[in-house]
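Each chain, written out:
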Amino acid sequence: MVLLGAPGVGKGTVGDMLAEKFGIPKISTGDIFRKAIAEKTPLGRKVNELTGKGELVPDDITVAIVKERIAKEDCKNGFIMDGFPRTIHQAEELDKLLKGMNLRLDAVVNIFLPKEEIIRRISLRRTCGNCSMIYNLNFSPPKKDGVCDKCGGLLYQRDDEKEETVLNRLSIYEKQTAPLIKYYEGRSRLINVTGETSKEIFERLIEIL
Ligand code: ADP
Ligand code: ZN
C-alpha cells in the first residue's frame, strides 16, 4: 500500500495505525533520512541540507534506500509506504521493485486536506526524537508535556516544520508529487480520503478496505 498526500495531512500517523492493524511494517523514507541525519552517517550528511529546506532528496539515493529496506525479511508479506514515491520516476522504480518481489499494490491512498488546515496542523506537530512517534498538541497531545508516551523520549519540533519551509514543501508537493495521483488513476486502486482527525481518516479507510 502507498500513502500519498501533502505534508501535514497525517500520513505518518495513519500509516502507523494501518501497520498495526495489518501487522505489516510501515516504511517512511522521511524517518530513514531523519535517523541517518541524527546518527551523522554519510547518508545523513548528504541529505541534511536538502531535508532541512524541504527540498526532495535525489531519486537515485531515495530509490536505493527503499530497495534495501524492502528486501528485508519483514516485508515479505507486504508493507506500507509513507512518503514514497514522491516523483513519477520513483513510482516507476517502485513498480519495478514490486514486480521483482512478486507483489502488487493493493491500494494507493490519497489523504487530502485544505491548505490552511495543513499549515495549522504542522505548527502543532511534535515528533519523538527517539522513536519518531508523532503528536499533535491539539488532537493527540502526549500525557506528559514534551515527553513521548511510548518510549519516554523527548519531543521536538522539526526544523522543516517552520512556516516558511512548510510553504516551500507544499509547493514542491504540488509540482512533483501531486502528479502521482493521475499516474495511479487507472493503474491501481486509488482511494481518496479526508477527515477531521487521523483517527477518523483511519476508520474510514478500514471501512473502505
Ligand atoms: P513530510 O512531512 O513532508 O511528508 P517526510 O517525513 O516524509 O515529510 O520527509 C521529510 C523529508 O525527507 C522531505 O522533506 C524530503 O527532503 C525527504 N524525503 C522523504 N521522502 C522522500 C522521497 N520519497 N523523495 C525525496 N525526498 C524525500
Ligand atoms: Zn518515542
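We now turn to the structure provided with this report. Not measured: the values here are computed from a predicted model.

The rules behind the values
Residues numbered from 1 in each chain as written. Chains lettered and ligands numbered in written order. Predicted model: local features only at pLDDT ≥ 70, side-chain atom pairs only at ≥ 80, totals over all residues. Heavy atoms only, no water. Donors = N, O, S within 2.8 Å, 3.2 Å for Na, K, Ca; no water. Tetrahedral: all angles 85-135°; square planar, octahedral: opposite > 155°, others 65-115°. Helix = DSSP H or I, 4+ residues; strand = E, 2+ residues; numbered from the N terminus. Near = heavy atom within 4 Å. Polar contact = N/O pair within 3.5 Å; in protein donor to acceptor, adjacent residues only side chain to side chain. Areas by Shrake-Rupley, 256 points an atom, 1.4 Å probe, with all protein chains shown as cover. Pairing = 2+ DSSP bridges. Phe/Tyr/Trp six-rings, centres within 6.5 Å; stacked < 30°, edge-to-face > 60°. Buried < 20%, exposed > 50% of the residue type's maximum accessible area, 1.4 Å probe, protein only. Lys NZ or Arg CZ within 6 Å of the ring centre and 35° of its normal. Core = buried A, V, L, I, M, F, W, Y, C linked by side-chain atoms within 4.5 Å. Contact = heavy atoms within 4.5 Å. Axes fitted to C-alpha atoms, helices over the stretch in contact; angles between N-to-C directions.

## Some points on the coordination of the zinc ion (ligand 2)
Phase 1 of the analysis: Those donors, Cys128 (SG), Cys131 (SG), Cys148 (SG) and Cys151 (SG), are the protein atoms that reach the zinc ion (ligand 2), and they lie 2.3 to 2.4 Å from it.
Phase 2 of the analysis: Metal-centred angles of 100 to 114° between the four donor atoms at the zinc ion (ligand 2) mark the site as tetrahedral.
Phase 3 of the analysis: Along the chain, the residues that donate to the zinc ion (ligand 2) are spaced as C-x2-C-x16-C-x2-C. Placement of the pair is Cys131 in the loop between β5 (125-128) and β6 (134-136) and Cys151 in the loop between β6 and β7 (155-156), with a sequence separation of 20 residues.

## Examining the site of ligand 1
Phase 1 of the analysis: Taken together, 18 residues form the shell around ligand 1, and within it Thr29, Arg34, Glu55, Gly83 and Arg169 come nearest.
Phase 2 of the analysis: Between an oxygen atom of ligand 1 and a side-chain N or O atom of Lys11, the distance comes to 3.3 Å.
Phase 3 of the analysis: Arg34 places a side-chain nitrogen or oxygen 2.8 Å from an oxygen atom of ligand 1.
Phase 4 of the analysis: For ligand 1, whose free accessible area comes to 550 Å², the fraction covered by protein is 96%.

## Here we look at the sheet that holds β7
Strands pair in a sheet through their backbones, by hydrogen bonds, and they do so in one of two ways: parallel or antiparallel.
Phase 1 of the analysis: Spatially, the three strands line up as an open sheet ordered β6-β5-β7, and their pairing is antiparallel. Only two strands of the sheet have a single partner each, and these edge strands are β6 and β7.
Phase 2 of the analysis: As paired elements, β5 and β6 share three bridges and run antiparallel to each other. From the neighbouring strand, Arg126 faces β6, where its bridge partner is Tyr135.

## Things to note about the packing of aromatic side chains
Phase 1 of the analysis: This model, assessed by the stated rule, comprises one aromatic pair.
Phase 2 of the analysis: Residues Tyr183 and Tyr184 carry aromatic rings whose centres are separated by 5.1 Å and whose planes lie at 80° to one another, so their mutual orientation is edge-to-face. With respect to burial, Tyr183 and Tyr184 carry one shared label: buried.
Phase 3 of the analysis: Across from the ring centre of Tyr183, 3.8 Å away, lies the NZ or CZ of Arg187, which sits over that ring.

## Quick look at the nonpolar core
Phase 1 of the analysis: Core analysis: the largest hydrophobic core is formed by 44 residues, its most contacted members being Leu18, Tyr184 and Leu205.
Phase 2 of the analysis: In contact with Leu18, not counting residues within four places along its chain, are Met1, Leu3, Ile80, Phe202, Leu205, Ile206 and Leu209.
Phase 3 of the analysis: Residues Phe33, Val47, Val57 and Ile61 belong to the second largest nonpolar core, which totals five residues.

## Re the environment of Ile70
Phase 1 of the analysis: If you trace the backbone, Ile70 turns up in helix α4 (residues 59-70).
Phase 2 of the analysis: Residue classification places Ile70 among the buried positions, given a relative accessible area of 2%.
Phase 3 of the analysis: C-alpha separation for the pair Ile70 and Arg169, spaced 99 residues apart in sequence, amounts to 26 Å.
Phase 4 of the analysis: Residues in contact with Ile70, not counting those within four places in the same chain, are Ile27, Cys75, Phe79, Leu97 and Met101.

## Some points on the sheet that holds strand β8 (residues 190-193)
Phase 1 of the analysis: The five strands are arranged β2-β3-β1-β4-β8 in an open sheet whose pairing can be described as parallel. The open sheet has two edge strands with one neighbour each: β2 (26-28) and β8. Between one strand axis and the next, the sheet turns through 25° on average, direction left out of account.
Phase 2 of the analysis: In this sheet, strand β4 (residues 108-111) lies alongside strand β1 (residues 2-4) in parallel orientation, the contact comprising three bridges. The partner of Leu4 across the bridge, within β4, is Asn110.
Phase 3 of the analysis: Against the sheet, helix α1 (residues 11-22) touches β1, β2, β3 (80-82) and β4, its axis set at about 170° to β3.

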